[in-house]
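# Close look at the chain arrangement
Single-letter residue listing:
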Amino acid sequence: VYTRAVAQKGETACALITGEEKIIPPHAQYMICTTEAMPMAEIRAGKFASVVVDEVQMFAHKERGHVFTDRMLHARGTEETLLLGADTARPLVESLVRDARFMTRERFSTLSYTGHAKLSRLPKRSVVVAFSAGEVYALAELMRRYYGGAALVMGGLSPRTRNAQAALYQSGEVDYMVATDAIGMGLNLDADHVAFASLRKFDGERRRHLTAAETAQIAGRAGRFRNNGTFGTTGSCLPLDDDIVARIENNHFMPEHHAQWRSSALDFGSIEALNNSLATAPKLKGLRRIAP
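Conventions used here
Residues numbered from 1 in each chain as written. Predicted model: local features only at pLDDT ≥ 70, side-chain atom pairs only at ≥ 80, totals over all residues. Heavy atoms only, no water. Helix = DSSP H or I, 4+ residues; strand = E, 2+ residues; numbered from the N terminus. Buried < 20%, exposed > 50% of the residue type's maximum accessible area, 1.4 Å probe, protein only. Contact = heavy atoms within 4.5 Å. pLDDT = per-residue confidence, 0-100. Pairing = 2+ DSSP bridges. Axes fitted to C-alpha atoms, helices over the stretch in contact; angles between N-to-C directions. 1 Å grid on protein atoms, 1.4 Å probe; cavity = no way out; pocket = protein on both sides within 12 Å on 5 of 7 lines; lining within 4 Å. Points joined across faces, edges and corners; volume = space filled by probe spheres on them.

Another aspect to go through is the side chain of Ser 277. The topology assignment puts Ser 277 in helix α10 (residues 271-278). Ser 277 gets classed as buried once you look at its relative accessible area, which sits at 8%. Look past the residues within four positions of Ser 277 in its chain and what remains in contact with it is Ser 263, Ala 265, Leu 266 and Asp 267.

This is the structure in C-alpha cells:
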C-alpha cells in the first residue's frame, strides 16, 4: 500500500510505520501503518480526515486481536472511518459500532479446488504454503531442482529481502514461490494457484489445524480481481475435507461472536496499579478480556 501511495502522492507525502520499518518525512500527509503502529494520539486529536483499518476481523485473534478491537472502537477520522474485512466481522461491528453503514464488495473471480498434485507437477504461477522455516527451506530447495528457481517469503525475513523476493515472483523471473502464511495478509501477488504443503501451524501455544477461514485467507491469494484462481494440496499434505472446500468455494464462514479486548487506560504508577488496570473487565457485550 505504501508503494502504491508513493507512486500517486510522492515520497515526501507518505510515511511508513511498522515494527520493522520507519520512513517518516517531516510533513507526511498519508500514514501507512501496521495496526499496532497507528498514531492514536494524533488520530484522537483529529489530525486525520480519513482513518482506514484493514482486516478488522482480526479482532478475534488471541494475540493481536485487542489492538484491532481498540482501533475499531476508538480510531476515527474527522470525515470518514473505513473498517475493512471479512463478513464474519459484521455482527460484532453492528453491535459495537452503532452508526456503521455496510457496503459489500463481492469477489469478481472464482476460486476452485483442484485436489492434490505432486510438487513436480504444479502449474506455473503457483505459491506453495508451509508453516515452519525448516519446511519452507526444504520445499524451496526441491522447487529449485524441479523448476530452476523459486522465490521465498517468510515473516522472519527483513522487509527489504521479503519485498525483493516478492518482486522476483511478480516480475515473472520465477514462476513459483514458497511461503508461510505471511502471504495471507501482507502481500498482493499475481498467483494463479495456491498449494498447501501443510495444513497445521504452531500458533504460539500449540500445533493445530488451520481453521476454514484461515485456509480461505491464504487460498484467496490465487486469482485476484477478475482472474479465476485455484487451490489444492501438495507434497505429503492430505487433500482438504469436502466441508472445508465447500466453505472456501462458497465463501461461507461462521461469524465471529467475540472480540479480544484490553483496557487502553493503563496506569503505570506502580506494578500493582498496572496489573489492576490490565485486569479491568470489558463493559460492552461481545468483548472478551485477553488472556494474561
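The pLDDT averaged across the chain works out to 91; a share of 98% of its residues lies at or above 70. Summarising per-element confidence for the chain, the mean pLDDT is lowest in helix α7 (residues 183-186) (67) and highest in strand β4 (residues 50-53) (98).

Attention now moves to helix α3 (residues 65-74). In terms of residue burial, α3 counts as a mostly covered element, since nine of its ten residues are buried. Those residues of α3 that fall on the buried side of the exposure criterion are Gly 65, His 66, Val 67, Phe 68, Thr 69, Asp 70, Arg 71, Met 72 and Leu 73. Buried residues along α3 sit against α2 (40-44), β4, β5 (80-83), α4 (90-96), β14 (259-261) and β15 (287-289).

It is worth spelling out the sheet that holds strand β3 (residues 30-33) at this point. With mixed pairing, the three strands of this open sheet are ordered in space as β2-β1-β3. For this open sheet the edge positions go to β2 (22-23) and β3, each flanked by a neighbour on one side alone. Relative to β3, strand β1 (residues 14-17) runs parallel, the two sharing four bridges. Paired with Cys 14 across the two strands is Tyr 30, which belongs to β3. Most of the contacts of helix α1 (residues 2-9) go to β1, to which it runs at about 170°, and overall it touches β1, β2 and β3.

Of the voids in this model, the second largest pocket is the one considered here, and its volume is about 160 Å³. Around the second largest pocket, the lining residues are Met 40, Arg 44, His 66, Val 67, Asp 70, Arg 71, Arg 262, Ser 263, Ser 264 and Leu 266. Elements represented by at least two residues in the lining of the second largest pocket include exactly α2 and α3. Here the lining of the second largest pocket takes four residues from α3, the largest share from any one element.

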